[in-house]
Amino acid sequence: MTDSRAEEPPLREVIFQRMDELTPAERKVARTLLARYPAAGLESTAALAAAAGTSKPTVLRLLARLGFGGYPDFQERLRAEVTRSMSASPLSRARAHRAAPSDDSVFLRAVQQRSRLVTRLQDTVPPGEIERAVSLLAGRPKHVVISGGYFSRLIARTLAMQLDQLIPNVDYADEPLGADVGKYLRAGRDSVVIVFDLRRHELAAKEVVAMAKSYGASVILITDESLSPSAEEADIVLPVAVDGIPFDSLAALLVLTESLVAAVFDGAGDAAIERMADWERSVHIHRAFRASGPAGNAAAPHQRQKEG
């Protein structure tokens, strides 16, 4: 006899897909569930409500919106899901991956896997969340500060460099709790803080988010599907799929970042064009292969010989 529940989508995915339908209070509960998944859902309704900073009726309204008759029904499905997931160890999954037959090369399998991660962005990122993020950034905030984690700082820096050419007052903080802490200390009510925190989640990210919130800044968290613990305090949460072998993939993260920049460019309108024009007028990039000098004059013969 087959387990009919095995055919049901994971509750995490159900919550992600319904995020845009939730009220602000219900969204707090949903984020708490995702940030501490599945443990938060196995606690009492009072504990879940307290962790989310809401009330027991709000928790029950969320569950009703998700199609559950009550908290016991929700917990029964969650326990069944946990039991199924525990039956497959990381080693067994790794062996299954190695043993899976394929007509493609290892390289092509890796490409296909990462392509699927990018495709899943439309499922993992709630449209309402991305719209709120774009609205904040395109609304010319007083200050924007961006920081990342061990690997994600590469994408965080790219985001900062690109946004800086569209909107003013963008800072990248490589050491948010060290040499760059002053950038966060300047954050206020008209500021936006963007924090990247992927698994394995870092304590520094949670401390940075808490600090930014204490100064009144709006926080955009970019994280993986399991959700950083910082999701409980963030104003906007943008989750991406990062599953990869042997390391987590940044493919979907990069596409999310570039797509966010494209949307901010569109939302900022003429102001973004003017900002880019200022960059073009102010930043001069001299390339060695150019045959003309700084003033547009022809290079000296000995210079042309060296360049050739």
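Per chain, residue numbering runs from 1 following the sequence as it is written. Local features are withheld for residues below a pLDDT of 70 in this predicted model, meaning they are given only at 70 or higher, and side-chain atom pairs are given and counted only at 80 or more; totals for whole chains, interfaces and linings count all residues. Side-chain descriptors were evaluated using all non-hydrogen atoms of the structure, hydrogens and water having been removed beforehand.

### Looking at unusual backbone geometry
The phi dihedral of Arg140 falls on the positive side, at around 55°, and the residue is not glycine. Relative to the helices and strands, Arg140 is located in the loop between helix 9 (127–138) and strand 1 (143–147). For Asn169, which is not a glycine, the phi torsion comes out positive at approximately 65°. If you trace the backbone, Asn169 turns up in the loop between helix 10 (153–163) and strand 2 (170–172). For the purposes of this entry, the term helix denotes a DSSP run of H or I that reaches at least four residues, the term strand denotes a run of E that reaches at least two, and both are numbered from the N terminus.

### Thoughts on the sheet that holds strand 5 (residues 236–240)
Note on pairing: two strands pair once DSSP finds at least 2 bridges between them. Taken in spatial order, the five strands line up as 2-1-3-4-5 in an open sheet, and their pairing is parallel. Of all strands in the sheet, those with a lone pairing partner are strand 2 and strand 5, marking the two edges. If you compare each strand with its neighbour and ignore which way they point, the axes differ by 15° on average. Between N-to-C directions, angles span 0 to 180 degrees; the directions come from axes that are lines fitted to C-alpha atoms, helices contributing only their stretch in contact.

### Some points on the packing of helix 3 (residues 45–52) against helix 4 (residues 56–65)
Where helix 3 contacts helix 4, the two axes come as close as 8 Å, and the packing angle between them is 100°. With respect to helix 4, the axis of helix 3 lies roughly perpendicular. Residues Thr45, Ala46, Leu48 and Ala49 of helix 3 pack against Lys56, Val59 and Leu60 of helix 4. Under the grouping applied here, Gly and all other residues not named as nonpolar or charged are polar, the nonpolar ones being Ala, Val, Leu, Ile, Met, Phe, Trp, Tyr, Cys and Pro and the charged ones Asp, Glu, Lys and Arg. Class assignment for the residues of the contact of helix 3 with helix 4 results in five nonpolar, one polar and one charged. Note on terminology: angles under 35 degrees are roughly parallel, angles over 145 are roughly antiparallel, angles of 65 to 115 are roughly perpendicular, and the others are oblique. Should any heavy atoms of two residues lie within 4.5 Å, those residues are counted as being in contact.

### Quick word on helix 2 (residues 24–35)
With 12 residues, helix 2 extends 16 Å between its outermost C-alpha atoms, agreeing within 8% with the 16 Å of an ideal straight helix rising 1.5 Å per residue. Taking burial as the measure, the 12 residues of helix 2 include nine buried ones, the bulk of the element. Per-residue accessibility, obtained with a 1.4 Å probe over protein chains only, is compared with the maximum for each type, and a residue is labelled buried under 20%, exposed over 50%, and partly exposed between these values. Here helix 2 has its buried residues at Glu26, Arg27, Val29, Ala30, Arg31, Thr32, Leu33, Leu34 and Ala35. Residue count minus one, scaled by 1.5 Å, sets the expected span of a helix.

### Comments concerning the nonpolar core
Judged by nonpolar contacts, the single largest core of 42 residues is most densely connected at Leu33, Phe74, Tyr184, Val193 and Val195. Every element with two or more residues in this core is listed here: helix 1 (11–18), helix 2, helix 3, helix 4, helix 5 (71–86), strand 3 (191–197), helix 12 (203–214) and strand 4 (218–224). With sequence-adjacent residues up to four places away left out, Tyr184 is seen in contact with Val145, Ile146, Ser147, Ala173, Pro176, Val193, Ile194, Val195, Val208, Met211 and Tyr215. Within the second largest apolar cluster, 37 residues are counted, among which are Val134, Ile167, Leu238 and Ala252. Definition of nonpolar core: a set of buried residues of the types Ala, Val, Leu, Ile, Met, Phe, Trp, Tyr and Cys, connected through side-chain atoms within 4.5 Å.

### Structural notes on the pairing of strand 4
Counting buried positions over the seven residues of strand 4 gives seven, a clear majority of the element. Strand direction decides the pairing type here: strand 3 and strand 4, joined by six bridges, are parallel. Bridge assignment links Asp197 to a residue of strand 4, and that residue is Thr223. Traced from strand 3 through helix 12 to strand 4, the parallel crossover comes out right-handed. Pairing of strand 4 with strand 5 involves five bridges; the strand directions are parallel. Along strand 5, the bridge assignment pairs Asp224 with Val240. Consider the strands pointing away from the viewer: the crossover is right-handed when the path from the first strand over the helix to the second runs clockwise.

### Observations regarding empty space enclosed by the protein
Think of a 1 Å grid over just the protein atoms. A cavity is a set of points where a 1.4 Å probe fits yet cannot get out, a pocket is an open set with protein on both sides within 12 Å along at least five of seven lines, and lining residues have an atom within 4 Å of a point. Grid points are joined across faces, edges and corners, and a volume is the space filled by probe spheres set on the points. Per the stated rule, a full pass over the model turns up one cavity of 30 Å³ or more. Quantified by volume, the largest cavity comes out at close to 30 Å³. Counting residues per element, the ones that place at least two in the lining of the largest cavity are helix 2 and strand 5. The class makeup of the residues in the lining of the largest cavity is seven nonpolar, no polar and two charged.

### Some words on the pattern of salt bridges
Only one rule defines a salt bridge in this text: a Lys or Arg side-chain nitrogen within 4 Å of an Asp or Glu carboxyl oxygen. Using the criterion set out here, one finds 13 salt bridges in the structure. Here Arg18 ties to Glu21 by a salt bridge, and the two come within 2.7 Å at their closest N and O atoms. You can call Arg18 partly exposed: its relative accessible area is 24%. The exposure class of Glu21 is partly exposed, given its relative accessible area of 42%. Note that Arg275 and Asp164 form a salt bridge whose closest N and O atoms lie 3.0 Å from each other. Here Arg275 is found in helix 14 (residues 270–282), whereas its partner Asp164 is found in the loop between helix 10 and strand 2, with 111 residues between them in sequence. Several salt bridges share partner residues, and in doing so they unite Arg31, Glu129 and Arg132 into one network.

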